[in-house]
Amino acid sequence: MATRSLLLLAVVLAFVVAGAGNAAGIALSSKLIHRFSDEAKVFRVSGHRFASSWPQRSTVEYYEKLLASDFQRQKMKLGSQFQFLFPSEGSQTMSLGNYFGWLHYTWIDIGTPNVSFLVALDVGSDLLWVPCDCVQCAPLSSSYYSSLDRDLNEYTPSGSNTSKHLSCSHQLCELGPNCKNPKQPCPYVVNYGTENTSTSGLLVEDILHLAAWKNGTSNTNNSVQAPVIVGCGMKQSGSYLDGIAPDGLMGLGLGEISVPSFLAKAGIVRNSFSLCFDENDSGRIFFGDLGPINQHSTSFLPSPSNGNYDTYIVGVQAFCIGNSCIKETNFKALVDTGTSFTFLPEDVYEKVSLEFDKRVNATKTSFDGYPWKYCYKTSSQASVKIPSVTLVFPANNSFVVYDPVFPVNSNEGVIGFCLAIQQGDEIGIIGQNFMTGYRMVFDREALKLGWSRSNCQDLSDAKGMNLTPPPKGTPANPLPTNEQQSNPGDIAVAPAVAGRAPSKPSAASSRITQWRFYLLRLSLLLLQFHIVLDCLVGSCFFLDEDVRCLSCNVN
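Residues numbered from 1 in each chain as written. Predicted model: local features only at pLDDT ≥ 70, side-chain atom pairs only at ≥ 80, totals over all residues. Heavy atoms only, no water.

Cut-off, in case you're wondering: UniProt positions are given in the numbering used here, feature names are shortened, and annotations may be inferred rather than shown by experiment.
Going by an unreviewed UniProt entry, the chain carries the name Peptidase A1 domain-containing protein and comes from Cannabis sativa. Looking at the chain in UniProt, the text filed under Subcellular location (unreviewed entry) is "Cell membrane".

## Brief notes about helix α5 (residues 346-359)
To be explicit about the condition: A helix here means a DSSP run of H or I that spans at least four residues, while a strand means a run of E at least two residues long, and both kinds are numbered starting from the N terminus. By this rule the span expected of a helix is its residue count minus one, scaled by 1.5 Å. Whether a residue is buried, partly exposed or exposed follows from its accessible area with a 1.4 Å probe, protein chains only, as a fraction of its type maximum: under 20%, in between, or over 50%, in that order. Note that the arc is defined by the directions from the helix axis to the C-beta atoms.
If you check α5, its first and last C-alpha atoms are 20 Å apart, about what 14 residues at 1.5 Å a residue would give, namely 20 Å. Those residues of α5 not exposed but buried are Val348, Tyr349, Val352, Ser353, Glu355 and Phe356. One side of α5 holds all its buried residues, which, seen down the axis, span an arc of 165 degrees.

## A word on empty space enclosed by the protein
Selection rule: The rule is simple: put a 1 Å grid over the protein atoms alone, call a set of points where a 1.4 Å probe fits but cannot get out a cavity, call an open set with protein on both sides within 12 Å along at least five of seven lines a pocket, and count a residue as lining if it has an atom within 4 Å of a point. Grid points are joined across faces, edges and corners, and a volume is the space filled by probe spheres set on the points. For this classification, the nonpolar set comprises Ala, Val, Leu, Ile, Met, Phe, Trp, Tyr, Cys and Pro, the charged set comprises Asp, Glu, Lys and Arg, and every other residue, Gly included, is treated as polar.
Scanning the model with the defined rule gives 1 cavity of 30 Å³ or more in all. As a volume, the largest cavity reaches approximately 30 Å³. Lining the largest cavity are Phe393, Phe399, Ile430, Met440, Leu449 and Trp451. Broken down by class, the residue content of the lining of the largest cavity amounts to 6 nonpolar, no polar and no charged.

## Quick look at the sheet that holds strand β22 (residues 389-393)
Note the threshold: The pairing criterion is simple: DSSP has to find at least two bridges between the two strands. Angular values range over 0 to 180 degrees, each being the angle between N-to-C directions of two axes fitted as lines to C-alpha atoms, with helices fitted over their stretch in contact.
Read from one edge of the open sheet, 4 strands run β17-β16-β22-β23, paired in antiparallel fashion. For this open sheet the edge positions go to β17 (324-326) and β23 (397-401), each flanked by a neighbour on one side alone. Each adjacent strand pair in this sheet contributes to an overall mean axis angle of 25 degrees, direction not counted. Where β22 lies against β23, 5 bridges are found, and the strand directions are antiparallel. Its bridge partner being in β23, Val389 is matched across the sheet by Val401.

## Some words on the sheet that holds strand β21 (residues 375-377)
Spatial strand order, β20-β21-β25-β24: 4 strands in an open sheet with antiparallel pairing. Each edge of the sheet is formed by a strand with only one pairing partner; in this case those strands are β20 (364-365) and β24 (405-410). The pairing of β24 with strand β25 (residues 413-419) spans 6 bridges and is antiparallel. In the sheet register, Pro407 faces β25, and the bridge partner there is Phe417.

## Some remarks on the nonpolar core
What counts here: Residue types Ala, Val, Leu, Ile, Met, Phe, Trp, Tyr and Cys, when buried and joined through side-chain atoms within 4.5 Å, form a set referred to as a nonpolar core. An automatic or database domain assignment supplies the residue ranges for each domain. Throughout, a contact is declared for two residues whenever any of their heavy atoms are within 4.5 Å.
One finds Leu85, Phe287, Phe319 and Phe442 to be the most contacted residues of the largest nonpolar core, which totals 101 residues. There are two domains that each give this core at least three residues, and those are domain 1 (85-287) and domain 2 (296-453). Apart from residues lying up to four places away in sequence, Leu85 is in contact with Leu210, Ala211, Ala212, Val224, Leu263, Ile268, Val269, Ile285, Phe286 and Phe287. With 8 residues, the next largest nonpolar core counts Trp372, Phe406, Cys418 and Ala420 among its residues.

Right, here's the structure in full:
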């Protein structure tokens, strides 16, 4: 009945809009298919899922799956349960030095009873994985790592009362078609950007323990147990055996298997999170954080390779050194906390580094073992003028990096510094060093990156996280009008080697009871009406709705 009503409604709306379009000289066209039609089955099942899992029309399973997305859409519109979430052991992140790749890490608790893991944070990949039933893993003893005060842990699914292996027939099992039996545990393999670096094992459903910030307070009564998918990392390779993320990695990407996706789909928090890194190698992570109202922002761009929003890519319109904005320095860049430094396309890198070299009052040199091209001699007593660098985004939104260098130390102290920018590929990378001193907001609902200056304090110190607008007269983040000066810090950093894995969005499933179907039948029809109307006016970005708008054209 709902399907027939939808088709009739679509026909009526098509005639109405077509009439209006002819009057204005505009023709609108839209192709609609039902979510579980034979055409959709070919589109979504081929090469990705078992055809046997496709629901039969007019069955209980069919209607349950139709309403699953309806309930989820209602959750997203009605708001979230909590304002902010963070790991149960605290929101603090930390950088553990060169041996750990200068990535930022945080403690998380998984399973029942809960077990703690020190995971690296990476917005360039999706999967949360930890060492598990190890065949080949990094050492976990604290004696192996000089900066750790306790042993790292290994996850064992059989030791958790809340764990359950994902089956090969699960919608999030990308390797499911390769399984011999749809009921067997789902395998996974993630290859990262760094050569020969990977993790592989089995996917497991379990509980991630989080603490909540609600109505301006945070206490132990606001604990949250969130179901997530965890990679049981039985075998690691490459850099993961050499100190990089020895106890696992939390992917924070846009894929449906990432922790932020699960939290948002469950209606626990808004579909956004923030990371903040300060100059003292510490920081904060908060799930559900949309950022302050006065923050600057820029839209994410679809991936050039497939046109999907599966990585955090932004468009930079210009690059400025001090008060000089350089011509023809527009480029696209991946925002990636899993990379320590910033990488620019070759042509942009040459223009930026040459302009920087002109403005530094120090002697250019090279240091053994340092791959950076633009390094300079100095001393701790010398007064060196170092210009800031600025990324200009659309609508004159600017991102100022006040300290774009890192110091070179010896037994005698600071002996020089290097421009902390490297030459990269066609798509640049905005690395961790450029984000220092900013509260970076990854707003996945609006598909925007937000930023505001912050000292990265806990939310108990609201001023530290810029939760309120600044006083009147406080300047915004301006385009450069003069050279900001800064001195090199006292900590040298080396490039992170943890890479990024491509992500493929896939549907998430949830169970609903049959009685809910009768209560929300009317709301299903109303939501379908909104979907059709959205498609007719050209808005086509929908995931897992009852009707999928495959193409909308405005002629």
